[in-house]
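Chain and residue survey
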Amino acid sequence: MIISNGLFRACMTGLLLGASLAASAREQVSQTSADIRRTSFGVPHIRASDERGLGLGIGYAYAQDNLCLLANEVVTVNGERARFFGPEQSTLEERNNLASDVFFTWLNTPEAVAAFWKAQSPQIQQRIEGYVAGYNRYLKEKGAPAQCQGAWVRPLMAEDLVKLTRRLLVEGGVGQFAEALVGATPPQATATVVPGAEAFALADAHQQRFSLDRGSNAVAVGRDRSFNGRGMLLANPHFPWVGGMRFYQMHLTIPGQLDVMGAALPGLPVINIGFNQHVAWTHTVDTSKHFTLYRLTLDPKDSTRYMLDGKSIALERTSVTVQVKRPNGSTEAVNHTIYNSQFGPVVQWPGKLDWDSRYAYSLRDANLGNDRVLQQWYGMNRASSLKALQASVHALQGIPWVNTLAADDQGQSLYMNLSVVPNVSAAKLAQCSDPRAGLQMIVLDGSRSTCAWDVDPRAAQAGIFPADQLPQLQRTDYVQHANDSAWLVNPKAPLIGFSPVISQDRIGLGPRARFALQRLRSLDKRPIGVADLQNMVMDNEVYLAGQVMPDLLEFCARHLGADAATLEPLCKRLKDWDRHANLDSGLGLVHFIDLIEHLRPVPDAWRVAFDPTQPLTTPRGLAIERAPVAKALREAMLASSADFAQRGLSADSRWGDIQVRGQTPIHGGPQELGIYNAMQTVPRADGKREVVSGSSYLQIVTFDDHGPRAEGVLAFSESSNPASKYFNDQTQAFSQKKLRPLPFTDAQIKADPQYQEQRIRE
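Since the structure is predicted, the reported quantities are computational estimates derived from the model, not experimental observations. (Residues numbered from 1 in each chain as written. Predicted model: local features only at pLDDT ≥ 70, side-chain atom pairs only at ≥ 80, totals over all residues. Heavy atoms only, no water.)

Section: the UniProt feature "active site" (unreviewed entry) in the protein
- Cross-referencing UniProt, the feature "active site" (unreviewed entry) maps to Ser-216 in the present numbering.
- Setting aside its immediate chain neighbours within four residues, Ser-216 contacts Asn-236, Pro-237, His-238, Phe-239, His-283, Thr-284, Val-285, His-481, Ala-482, Asn-483 and Arg-512. (UniProt positions renumbered as here; feature names shortened; annotations may be inferred. Contact = heavy atoms within 4.5 Å.)

Some points on the confidence of the model for the protein
- Overall, the predicted model of the protein reaches an average pLDDT of 94, with 95% of residues at or above 70.
- Note on residues 1-29: pLDDT is under 50 here. Beyond four places in sequence and across chains, it has one contact. (pLDDT = per-residue confidence, 0-100.)

Thoughts on the pattern of salt bridges
- Across all of its chains, the model carries 34 salt bridges by this definition.
- The residue Asp-746 makes a salt bridge to Arg-47 at a minimum N-O spacing of 3.9 Å. A residue pair is termed long-range when its members are at least 10 positions apart, and Asp-746 in helix α20 (residues 746-751) and Arg-47 in strand β2 (residues 44-47) qualify at 699 residues.
- Taking the relative accessible area as the measure of exposure, Asp-746 reaches 39% and is therefore partly exposed.
- Glu-51 is paired through a salt bridge with Arg-382; the nearest N and O atoms lie 2.7 Å apart. (Salt bridge = Lys/Arg side-chain N within 4 Å of Asp/Glu carboxyl O. Helix = DSSP H or I, 4+ residues; strand = E, 2+ residues; numbered from the N terminus. Buried < 20%, exposed > 50% of the residue type's maximum accessible area, 1.4 Å probe, protein only.)

Here we look at the sheet that holds strand β5 (residues 248-254)
- The strand order across the open sheet built from 10 strands is β19-β17-β16-β8-β7-β6-β5-β2-β1-β30, with neighbouring strands paired in mixed fashion. Of all the strands in the sheet, the pair left with one neighbour each is β19 (472-475) and β30 (756-761). This sheet shows a mean twist of 15° between the axes of neighbouring strands, independent of strand direction.
- Each of β1 (33-38), β2, β5, β6 (258-264) and β30 touches helix α2 (residues 51-77); the most contacted strand, β1, lies at about 45° to it.
- Packed onto the sheet, helix α11 (residues 386-396) meets β8 (279-285), β16 (402-408), β17 (413-416) and β19 and runs at close to 10° relative to β17. (Pairing = 2+ DSSP bridges. Axes fitted to C-alpha atoms, helices over the stretch in contact; angles between N-to-C directions.)

Thoughts on α2
- Its 27 residues give α2 an end-to-end C-alpha distance of only 25 Å, which falls more than 12% under 39 Å, the value for a rise of 1.5 Å per residue.
- Maximum bend of α2: about 100°, positioned at Asn-66.
- Burial within α2 is extensive, with 25 of its 27 residues counted as buried.
- Downstream of α2 by a residue or two, Gly-79 has a phi angle that is positive, lying close to 65°. (Expected span 1.5 Å × (residues − 1). Bend = angle between axes of the 7 residues up to and from the residue.)

In structure tokens, the structure reads:
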């Protein structure tokens, strides 16, 4: 072929231009980017072509909504609160800054953080690195919001997200003993940091509230009971409305690889509770033990040595250094010693776990060895079926301290109590534990190495039970859970015979579980629909009212005696109350809360005690015919009547005037009353009660031929920034009981009336 010079030059020019454009295109493709598409209430639908890009979008979107929240948590898990805010101030959880710093410096050592990072898959590492880059990009572009400007707000590092994850892991274990770990001091020794009685009282209260503040309800319905023969899931986690356990709603997509929507905890680049094309899942705090205590028999000659199999062994000493801000603005180093046996750190809790000349106590937390937690949720997010989700949990065993309930598009429902549980068999418990300690906290004999946790090669981690020895149940009718043991997730198939460390059977159910089982049983004659699951939460029935109100009203009618005139207004409010915890429910609810709280510790207050052969209907009835119960009830009524006037309530006041978030009225109430829509509150100076924990991310998921159909609401809204338009919008929707469809497909997302799109590049 003969080509003229002109044609040759033209062809070469075209080829070079094409090569240049191709190179430019390759450069653009290689540049990490993400699309953040927001729909109503500011929910981000984050789409990227790779893991780092997805992390970039998550970090950027989260910073837009919750930069100050995350910055505060990063300071906490880095043990830097005393450095920036002073040693006498407190964390959001009311823990002293200095004690918090010592604990987190001990927990998140450089070696522990590096080992955790090394254990992560390349995909998790890339997503974390992207998250860090996204957060930092937003911080550089916009700066910190007004409420958190200061030297303590800084760019993130990957290590920060590892530290946040490790904090999450120990929430169900040693994290509840921070004061006891920091305060552990040999007899006659002088400690650098000494938590006082008030600190331990707060720690005890927080420990008691752990399952309340992080409790949950869940129902997974199978094809035999669902309205369309597919699976259905109600997720109703009760998590804190503020701080490091505050859920964030988002949708994550890598085309062709990942498409998952739901809610995540701060700093976690994965969905914790959510759904994808084929399966939906949720979690509930379990009753399994995730740590054990060991009672150390000390060497009579030296209380810093303990006896193990007849040999005297020195406690290891770890020096922890934190920086403390002084009144003049300078900082100085404070050193503190943590003591450890081979069973874990020594903990000292005055009056409960004392360190004297004879004994001390160590705490071993199984989740300190759990470096699989992020990979676990990563695998669940990608599960293409219920079987795949179950297989992932079986293989990785990365769930820290919660149960998992799930349903799929094939009409299966599943319950798994496959969390990280110390391998202590019932036989070992009988051999090694002190029966006087009971089962609330497991205390094993630390003087014998035979009392160490068993090691099973089938388990994903040394010292925990393998998956096939833990409770699980797959059904085509339903499974449910409300923070009780695994025993009666479905009464037709009791889960029994497990080590008490895992699950106990033949013990009383909590009132939320009894309510759920009663409600599900009432629907036996027809298919269960979306409205039925929504009403379980939103109709706010007070289950316990059905058990004791007839007796309360009888007491009002027949036994008031000389107090009749004083108690008549209270009794009228009880009688007029609708036995619900709705915004317009009357003030009989306030009195009912007072009375039940007062009667709870009274022995034999139930007319019919718990009967393990009738677990769904016992205990019940209030034994007003018994003199001690009648006396306690009268005292409670008089106290509640006296308090009523001091609360500033009028005859026209309603529950929505009392329980609030800011100025927004909130329905629901104390879970101890069997209110499925559980709310935990603290008193305010104005007499109202501020919600601090309770129903958080509520989702109801069904499936059809086209995939998931979901509706839900994030009760406290997406943003923790009061200046954001997404600070209170979902809270108002929740107050009005308005769940909304959750857009999942591209068409649904783009059709949203509030749709907006933003592309970010690294």
